[in-house]
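These are the residues of each chain, in order.
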Amino acid sequence: MKITDIIKRGKPTLSFEVFPPKTDSALEGVRAAAAEIAGLSPAYMSVTYGAGGSTAGYTAEIASSLLALGTTPLAHLTCIGASRESIREKLTDLRARGVENVLALRGDLPEGIDGNALSFRHASDLAEEICSFGGFCIGGACYPEKHPESTDSDSDVEALAVKVASGCSFLTTQMFFDNSILYNFLYRLLRRGIDVPVVAGIMPVTNAAQIKRICSISGAALPARFLRIVERYGDNPAAMKQAGIAFATEQIVDLYANGVSAVHVYSMNKPDVAAAIYANLSEILA
Ligand code: FAD
């Protein structure tokens, strides 16, 4: 099923993310975690793509195993450093496996790469390529607090308009911890005439060590009330996990209540975290 058909129904939806293993020996564990999360019957599940790695092929494999379990997969695909032929090969493989949804991403720029010499410079170039290949529902990434490489929010939103014009029919946000940042961002998109569905990405922070990494990768601001939670419970893993799940749940309830009906949880291959959030929302999603 196409993700736009799922999220355009307007009912609150919850989806989850898994990432493929870095080593072959970890594949079975990831597959088992993905199957357990699929058992919660989420609206769909995304499978991230490890750019360039030897296990990059696992994205398609895990996506098709989700399909076999009756869960709609969204396969991520990055284009940085890829040739047109290799992208077409990946799309052919996904199509043969019955995967209908692709999140078109640039990937992080490796240091020292001359962007001008690449076949694909931006995610929008990949979205165009997938569009001309045909048959996929294409999504793209967006950044409520702007992409770290962008000089200002306006130019980031302009680039997003190009992404949508290139064929992205829905967008998924980078994680954010303050819903007012998302509401502001949605307003700016509408003002620019970007009216495709936006799926809100929520990261349950379940251990204190995650926080530094998250902020350096995403540039996401942490609200003071969240920092108080980390200060208070960061040294107690069980309490921090419970508090992180509660914080994420509260964010999701507020999003649904304010009309953001599609929420994606960065569940990081953790079925217990996905299940706890799902249980907290059971009546809301019923
Ligand atoms: P782009 O859309 O190309 O944007 C990158 C920068 O270029 C931005 O500053 C943008 O404003 C600018 N830009 C874009 N288009 C234009 C244009 N036409 N003209 C001028 N400037 C432009 N990484 C992985 O490796 N694997 C994954 O599976 C993965 N999944 C992700 C899922 C989500 C929801 C998100 C938010 C990120 C994900 N990432 C993943 C990280 C992503 O690859 C990085 O954030 C990367 O740096 C940018 O990717 P992008 O697709 O947003 O790039």
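Before reading on, note that the structure itself is shown above.
These figures come from a predicted structure and were not determined experimentally.

About the thresholds
Residues numbered from 1 in each chain as written. Predicted model: local features only at pLDDT ≥ 70, side-chain atom pairs only at ≥ 80, totals over all residues. Heavy atoms only, no water. Helix = DSSP H or I, 4+ residues; strand = E, 2+ residues; numbered from the N terminus. Buried < 20%, exposed > 50% of the residue type's maximum accessible area, 1.4 Å probe, protein only. Polar contact = N/O pair within 3.5 Å; in protein donor to acceptor, adjacent residues only side chain to side chain. Contact = heavy atoms within 4.5 Å. Phe/Tyr/Trp six-rings, centres within 6.5 Å; stacked < 30°, edge-to-face > 60°. Pairing = 2+ DSSP bridges. Right-handed = clockwise from strand over helix to strand, strands pointing away. Arc of directions from axis to C-beta. Axes fitted to C-alpha atoms, helices over the stretch in contact; angles between N-to-C directions. Parallel < 35°, antiparallel > 145°, perpendicular 65-115°, else oblique. Left-handed = near helix turned anticlockwise from the far one by under 90°. Nonpolar A, V, L, I, M, F, W, Y, C, P; charged D, E, K, R; others polar.

J.: Account for the side chain of Ser150, naming residues and giving values.
T.: Locating Ser150 in the fold gives a position in the loop between strand E5 (137-142) and helix H6 (153-165). Accessibility expressed as a relative area gives 15% for Ser150, which makes it buried. Of note is the side chain of Ser150, whose polar atom sits 2.7 Å from the side chain of Asp156. Setting aside residues up to four positions removed in sequence, Ser150 forms contacts with Ser155 and Asp156.

J.: Lay out the packing of aromatic side chains with the relevant residues and their values.
T.: Tallied over the full model, the rule gives four aromatic pairs. Measuring from centroid to centroid gives 4.7 Å for Phe226 and Phe247, while their planes differ by 65 degrees, and the two rings are edge-to-face. With Phe226 in helix H9 (residues 224-233) and Phe247 in helix H10 (residues 237-257), this residue pair connects regions lying 21 residues apart in the sequence. With relative accessibility at 3%, the residue Phe247 sits in the buried group. A network of ring pairs unites the aromatic residues Phe177, Phe226 and Phe247 as a single cluster.

J.: For unusual backbone geometry, give the residues involved together with the corresponding values.
T.: The residue Met268 is not glycine, and still its phi comes out positive at about 50 degrees. Relative to the helices and strands, Met268 resides in the loop between strand E8 (262-265) and helix H11 (271-280). Judged by its relative accessible area of 26%, Met268 is partly exposed. The phi angle at Asn269 is positive, at roughly 60 degrees, despite the residue not being glycine.

J.: Lay out the pairing of strand E1 (residues 13-18) in plain terms, naming residues and giving numbers.
T.: Counting buried residues along E1, six of its six residues qualify, which places the element largely inside the surrounding structure. Of the two faces of E1, the one carrying Thr13, Ser15 and Glu17 and the one carrying Leu14, Phe16 and Val18 are both buried. Sheet analysis places E1 next to E8, joined by four bridges and oriented parallel. Across the sheet, residue Thr13 finds its bridge partner in E8, namely Ala262. Bridge count for E1 against strand E2 (residues 45-47) is three bridges, and the pairing is parallel. Residue pairing for E2: Val18 is matched across the bridge by Val47. Read as a crossover between parallel neighbours, the route from E1 over helix H2 (residues 27-38) to E2 is right-handed.

J.: Which residues make up H11, and what values do they have?
T.: Looking at H11, one finds that the buried residues are Pro271, Val273, Ala274, Ile277 and Tyr278. All buried residues of H11 project into a common sector of 165 degrees when viewed along the axis, lining one side. In this fold, the buried residues of H11 make contact with E1, H2, H10, E8 and helix H12 (282-285).

J.: Quick rundown of the packing of H9 against H10? Include the residues and the values.
T.: For the pair H9 and H10, interaxial distance at closest approach is 9 Å and the crossing angle is 165 degrees. In terms of axis orientation, H9 runs roughly antiparallel to H10. Two packed elements cross with a definite hand, and for H9 against H10 that hand is right-handed. Contacts between H9 and H10 involve Arg225, Phe226, Ile229, Val230 and Tyr233 from the first element and Ala239, Met240, Ala243, Phe247 and Glu250 from the second. Residue classes in the contact of H9 with H10 are distributed as eight nonpolar, no polar and two charged.

Honestly, it's all geometry; don't read function into it.
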